Protein chains: 2
Amino acid sequence: MDRDDGRARRPTISDIAALAGVSKASVSKSVNGQSGVSESTRRRVLEVAERLGWRPSARAVALTRGGSGAVGFLINRSPDLLSSDPYFVDLLSGIERALTEQGYWLLLQIGHHATEESERAAYADLAGSQRVDGVFLTETRLGDPRFDTVRALGLPAVVVSKPWARTDLPWVGSANPGGGIEDAVLHLARLGHRKVAYVTGPQDRSHVLYRTEAFLAAVADHGLSVVGMPRTDFSPDAGARATLELLDQRERPSAIVYDNDVMAVAGSQAASGRGLSTPHDLSVVGHDDISMSRWLTPALTTVRQDVIELGQMCARRLLLELGVPDPGDGWQSLPDPTLVVRGSTGPAPTS
Amino acid sequence: MDRDDGRARRPTISDIAALAGVSKASVSKSVNGQSGVSESTRRRVLEVAERLGWRPSARAVALTRGGSGAVGFLINRSPDLLSSDPYFVDLLSGIERALTEQGYWLLLQIGHHATEESERAAYADLAGSQRVDGVFLTETRLGDPRFDTVRALGLPAVVVSKPWARTDLPWVGSANPGGGIEDAVLHLARLGHRKVAYVTGPQDRSHVLYRTEAFLAAVADHGLSVVGMPRTDFSPDAGARATLELLDQRERPSAIVYDNDVMAVAGSQAASGRGLSTPHDLSVVGHDDISMSRWLTPALTTVRQDVIELGQMCARRLLLELGVPDPGDGWQSLPDPTLVVRGSTGPAPTS
DNA sequence: TCACGTGTTCGAAACGGTTTCGGAGGGAAG
DNA sequence: CTTCCCTCCGAAACCGTTTCGAACACGTGA
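Residues numbered from 1 in each chain as written. Chains lettered and ligands numbered in written order. Predicted model: local features only at pLDDT ≥ 70, side-chain atom pairs only at ≥ 80, totals over all residues. Heavy atoms only, no water.

The name an unreviewed UniProt entry assigns to chain A is LacI family DNA-binding transcriptional regulator, from the organism Occultella gossypii.

Caption draft 1: Region of interest: empty space enclosed by the protein. Residue and element names in this part refer to chain B. By the definition in use, this model includes four cavities of 30 Å³ or more. Space inside the largest cavity adds up to approximately 360 Å³. Considering the residues around the largest cavity, the lining is formed by 25 residues, among which Y87, S161, H207, R211 and Q305 are closest to the centre. Per element, the largest residue contribution to the lining of the largest cavity is four residues, and it comes from helix α10 (residues 206-221). Taken together, the residues of the lining of the largest cavity sort by class into eight nonpolar, ten polar and seven charged. Here the second largest cavity is characterised by a volume of approximately 100 Å³. (1 Å grid on protein atoms, 1.4 Å probe; cavity = no way out; pocket = protein on both sides within 12 Å on 5 of 7 lines; lining within 4 Å. Points joined across faces, edges and corners; volume = space filled by probe spheres on them. Helix = DSSP H or I, 4+ residues; strand = E, 2+ residues; numbered from the N terminus. Nonpolar A, V, L, I, M, F, W, Y, C, P; charged D, E, K, R; others polar.)

Caption draft 2: Seen up close, the packing of aromatic side chains. In total, this model carries ten aromatic pairs over all chains according to the counting rule given. Relative to F215 of chain A, the ring of Y198 of chain A has its centre 4.8 Å away and its plane inclined at 25°; by these criteria the two rings are stacked. Of this pair, Y198 of chain A sits in strand β6 (residues 195-199) while F215 of chain A is found in helix α10 (residues 206-221), placing the two residues 17 residues apart along the sequence. With a relative accessible area of 0%, Y198 of chain A lands in the buried category. Ring plane angle 85° and centroid distance 5.3 Å describe the contact between Y87 of chain B and F88 of chain B, whose orientation is recorded as edge-to-face. Per residue, the accessibility class of Y87 of chain B equals that of F88 of chain B, and both read buried. (Phe/Tyr/Trp six-rings, centres within 6.5 Å; stacked < 30°, edge-to-face > 60°. Buried < 20%, exposed > 50% of the residue type's maximum accessible area, 1.4 Å probe, protein only.)

Caption draft 3: Spotlight on the protein's contact with DNA strand D. Lining the immediate surroundings of DNA strand D are 27 residues, of which T41 of chain A together with I13, K24, S28 and T64 of chain B lie closest. Close to the protein, within 4 Å, the atoms of DNA strand D are drawn from sugar and phosphate at a rate of 61%. With respect to DNA strand D, the side chain of S28 of chain B contributes an N or O atom lying 2.5 Å from a phosphate oxygen. In this structure, N32 of chain B approaches DNA strand D through a side-chain N or O atom, which is 2.8 Å from a phosphate oxygen. Only α2 (24-31) and α4 (58-65) of chain A together with α2 (24-31) and α4 (58-65) of chain B provide two or more residues apiece to the surface near DNA strand D. Residue contributions to the surface near DNA strand D peak at four residues, all from α4 of chain B. For the surface near DNA strand D, the per-class residue count stands at eleven nonpolar, 13 polar and three charged. (Near = heavy atom within 4 Å. Polar contact = N/O pair within 3.5 Å; in protein donor to acceptor, adjacent residues only side chain to side chain.)

Right, dumping it as structure tokens:
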């Protein structure tokens, strides 16, 4: 039988059952590898299914089994801040790899939630309509309302990277998220720098808090002084602006640590507009190690973290939460971020 | 009634019906805004639904209505080539924006399909299980098997960017995908360059074919000569290698056009290792205009295209295909890519 | 008063699977 | 030849919604 638009009607389990001369129950058991059917019956059923190109409708399966086979990932960022940052793409890649291995799918939303209420509504919609079995929570903030949201919804969730606020939700990430920053400060101290600055982001983000904490602690440890810690929105323009402000201060830093590579490059460029060259007059450290970093002139000293691995671990952790028997090995320990030393850092200028 | 794990059982339409003292049918009509219920009944139902926090299960709705409310996007690239390229993130952002407006969701898979068969299986799985109502086809190739795949599956699809091969599938993109390359060659010709090269990608990609065609046509138009057209995998390392090979030739180019910005930067860096500085000894043109481009030293001359807009248009086109009445205005014409002139191109060296 | 629309409501049948449970059949043990 | 057990299979219930057709109440015009 054909539909009016000419496309053939999809076969259903009943068609397969009829053609194979068995009941729907037997077909179901056959394709799901359950016991209760003889090997010959199973073969016959599978052969018919293959011939007709039939596979169970995910919709019907989701309805009966109470699981959609998909998890959700809601990104709350404006597009221009997304594309300059390799973080999300790498995270997605890692997540996907682990999910695909287990036959799960990823429901993605890139949102631009102006208000917390709108963000909450997005999660409520996703969970309430039972479209996904669980979600990732990324870029957690201080007093993040999503912790309560997912709990209220009874929605399994995994936090990506160590959250600053205490929560009973499982999280996956390196134990010391500020490790790379510590290394960076140590590196600068050894190069003889005494006055340093840190160009960072909104002060309610968990990762910003951890890195700031690490920066301040390391600075204190090595007897350096902080001459500025401007906040930006992570955009290169903001990075350049912050750099110029730092350089116009009475106490000018001889080295600046940035919260991402793009700001570091923009900052370095802005400094050269003031006649300060990197690394001779100003040392610069980035964060993320984007693929271009080693091809710049000078190549960028930066902090690297294996975000793809992070994504994989998070996905496995979430699958575990969903009751997948063995989502893959190891989601326990992620190595701390490490410093990659290249040409953008050098000895402090002798004033 | 609670489940054994302590989480409250989700209310169903029956619960709402019982509490509101009406039938399931009336509840359904009430929440879907259909006629056939009195205003007072509708209010009562909605009030109860609100109080219990109930919303229809997307699973059950998908089963009865025959539409999942989601579309699929399968990306076939290795992760390291993804994160250096802003293209997919921007495309995703645009797609999401248009989808979210209409209440549709995006199912994403980042695959690493070694074989065409594996790629075909991914689409078959997605369509066969009826998880999505339609898909995007991106990075189409010459003789792309996916055209046949989606037709055989009866899966609505929209091609992202003009395909090289003829197909009856709808596509969305600029009419002249090589427009930016034409401009670039013209720009170089005016600067006095005579020997140029083009570092590009696998020769079966539609966009590579269009750009190559545009490059060759423009070069012929302006009487330049092509001294090399190496193929790469789009990675910075490959870009650097290709550059060195070009520079080691007997006929050395004075300007090189690259198929993306990362290769352009790597190429420029590689050239400086040979003692050739940009733009004095070698002019360099990139493609994509990543956000860092204008912050480099020298800033990168490159080709820009509004990929976010492209994504939005593609999504609207697909929604139209799915029968969404008015997915949003304008998906007809996307402007051609344009050249952004910055510091990495200059007058040809006088030999 | 009766027949007749009109608008509201409800019960029941899909939708396409999974799962439970009881029965049929066959072989081995007594 | 029973009896028992085990395997294989199918009927039926169920998941949570939409939709279809019938029933019902009510006001209206003849």
